[in-house]
Amino acid sequence: MEPYASIVKKQLAQILEKEPNAILIEKNIVVLKNWLSNDFCDRLVKHVESFGEDIWWDKNKREWWHGKFFFVEDKDLDAELKDMRIRLQELFRQELWVESMNSVHRMTEGQSMFEHADNLKESLGLDNKCVFGVTHYINNFEGGEIYYPYLPFEYKPEKGDLLLHPGWEDYLHGTRPVKGNTPRYIVAGFAALPEAKALRENDQLYEGLDTIKMSSAVTGIFGEDELPEDFYTKPL
């Protein structure tokens, strides 16, 4: 967990002091209300909903991911997503590296997300340098709460929220099933130690795990059967 705990403590103290809309909702978990404007959220949702189902990503051999990602190619929206990343870098005072966020993640009625942590395999001696999981909520929806079974704690996000939580395994989290006809749309990413940038540029997901590429975890191209047992989830 070290040095992550001390970094998280420092970063959150700075954010809570600087940002008037920042709220500490649980130990080491902060939400920034109205971080995204209604206008931006509405335009992004309108854009992704203007396409048919065939545009939603279906290239992953892990069934859970099918139909849940939309990669934004609109020039103006892509520029705004890049600005959103820069804004996050500034929120963290350029002390953390924020990866590109150019996709929208969707879950529809009845869908939920499996429990996982963002730097989830410290127990295997692996480290992806993730300090914070970062989630932007771009619409209101029923259900779809994020929950943390080890705390325990649960939060119902609202449109415009930016949610920050630590990456280590104490902050394992999942998503409750979405209810109703309105999908749950988010833009998510990670704020990591600066050295994570080199890992990503080398297409590596974890330091110390050279044989597994990001592409394997994301697309399954290189054979996810070679991933360590229970790579994505930690047993309760």
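Only a predicted model underlies this, so the values are computations on that prediction, with no experimental measurement involved. (Residues numbered from 1 in each chain as written. Predicted model: local features only at pLDDT ≥ 70, side-chain atom pairs only at ≥ 80, totals over all residues. Heavy atoms only, no water.)

S.K.: What should I look at first to understand the overall build of the chain in this one?
M.R.: The helix and strand tally for the chain stands at five helices and 14 strands. Put simply, the chain has 236 residues, and 54% of those count as buried. In the chain, once contacts between residues fewer than 6 apart in sequence are set aside, the share between residues at least 24 apart is 73%. When the accessible surface of the chain is summed, it comes to about 11500 Å², and 49% of that surface belongs to carbon and sulfur atoms. (Helix = DSSP H or I, 4+ residues; strand = E, 2+ residues; numbered from the N terminus. Buried < 20%, exposed > 50% of the residue type's maximum accessible area, 1.4 Å probe, protein only. Contact = heavy atoms within 4.5 Å. Areas by Shrake-Rupley, 256 points an atom, 1.4 Å probe, with all protein chains shown as cover.)

S.K.: Explain the sheet that holds strand β9 (residues 146-148) to me, please; I cannot follow it from the model alone.
M.R.: Note: strands within a sheet are paired through backbone hydrogen bonds, in either parallel or antiparallel orientation. Taken in spatial order, the four strands make up an open sheet running β6-β12-β9-β10, and their pairing is antiparallel. Of all strands in the sheet, those with a lone pairing partner are β6 (113-116) and β10 (153-155), marking the two edges. The average undirected angle you get between the axes of adjacent strands in this sheet is 15°. Both β9 and β10 contribute to a ladder of three bridges, which runs antiparallel. Residue pairing across strands places Tyr148 opposite Phe153, the latter belonging to β10. (Pairing = 2+ DSSP bridges. Axes fitted to C-alpha atoms, helices over the stretch in contact; angles between N-to-C directions.)

S.K.: Would you explain unusual backbone geometry in this entry?
M.R.: Leaving glycine out, the prevailing phi sign among residues is negative, and the prevailing peptide bond configuration is trans. Note that the residue after Leu151, namely Pro152, is joined by a cis bond; omega there is -20°. The topology assignment puts Pro152 in the loop between β9 and β10. Of note in the backbone geometry, Asn34 takes a positive phi value of approximately 55° without being a glycine. Tracing the chain through its elements places Asn34 in the loop between β2 (29-32) and α2 (38-48). Among the residues examined, Asn34 registers a relative accessible area of 57% and is labelled exposed.

S.K.: Just checking my understanding: could you explain the nonpolar core for this structure?
M.R.: Soluble globular proteins tend to bury their nonpolar side chains together. In terms of nonpolar packing, the biggest core is built from 50 residues, with Val104 and Phe132 touching the most fellow members. Beyond its immediate sequence surroundings of up to four residues, Phe132 is in contact with Val8, Gln11, Leu12, Phe92, Leu96, Leu164, His165, Pro166, Gly167, Gly189, Phe190 and Ala191. Among the nonpolar cores identified, the runner-up in size contains seven residues, and Trp65, Phe69, Met107 and Met113 belong to it. (Core = buried A, V, L, I, M, F, W, Y, C linked by side-chain atoms within 4.5 Å.)

S.K.: When you look at the pairing of strand β7 (residues 130-137) in this model, what are you seeing that I'm missing?
M.R.: Each regular strand carries side chains that alternate between the two faces of the sheet. Of all eight residues in β7, eight are buried; the element is thus mostly enclosed. One ladder, built from seven bridges, connects β7 with strand β14 (residues 184-192); its direction is antiparallel. When the sheet's bridge partners are listed, Thr135 is paired in β14 with Ala188. For β7 and strand β11 (residues 162-166), the ladder comprises five bridges, and the chain directions are antiparallel. Bridge pairing in β11 links Phe132 to Pro166.

S.K.: Could you clarify how one ought to interpret the packing of α2 against helix α3 (residues 75-91) in this entry?
M.R.: In a packed pair of helices, the relevant descriptors are the angle between the two axes and the axis-to-axis distance. Look at α2 against α3: their axes get within 11 Å of each other, and the N-to-C directions meet at 130°. Taken together, the axes of α2 and α3 are oblique relative to one another. Between α2 and α3 the crossing geometry is left-handed. Facing Phe40, Arg43, Leu44 and His47 of α2, the residues of α3 in contact are Leu77, Glu80, Leu81 and Met84. Taken together, the residues of the contact of α2 with α3 break down into five nonpolar, one polar and two charged. (Parallel < 35°, antiparallel > 145°, perpendicular 65-115°, else oblique. Left-handed = near helix turned anticlockwise from the far one by under 90°. Nonpolar A, V, L, I, M, F, W, Y, C, P; charged D, E, K, R; others polar.)

S.K.: I keep staring at the pattern of salt bridges and nothing clicks. Help me out?
M.R.: Between side chains of opposite charge, pairing is possible as soon as their charged atoms come close. Per the stated rule, a full pass over the model turns up nine salt bridges. The closest approach of N and O atoms between Lys82 and Asp78, which form a salt bridge, is 3.3 Å. One end of the pair, Lys82, and the other, Asp78, are both in helix α3, four residues apart, so they sit about a helical turn from each other. By relative accessible area, Asp78 is classed as buried at 18%. Connected through shared salt-bridge partners, Lys33, Glu158 and Asp161 make up one network. (Salt bridge = Lys/Arg side-chain N within 4 Å of Asp/Glu carboxyl O.)

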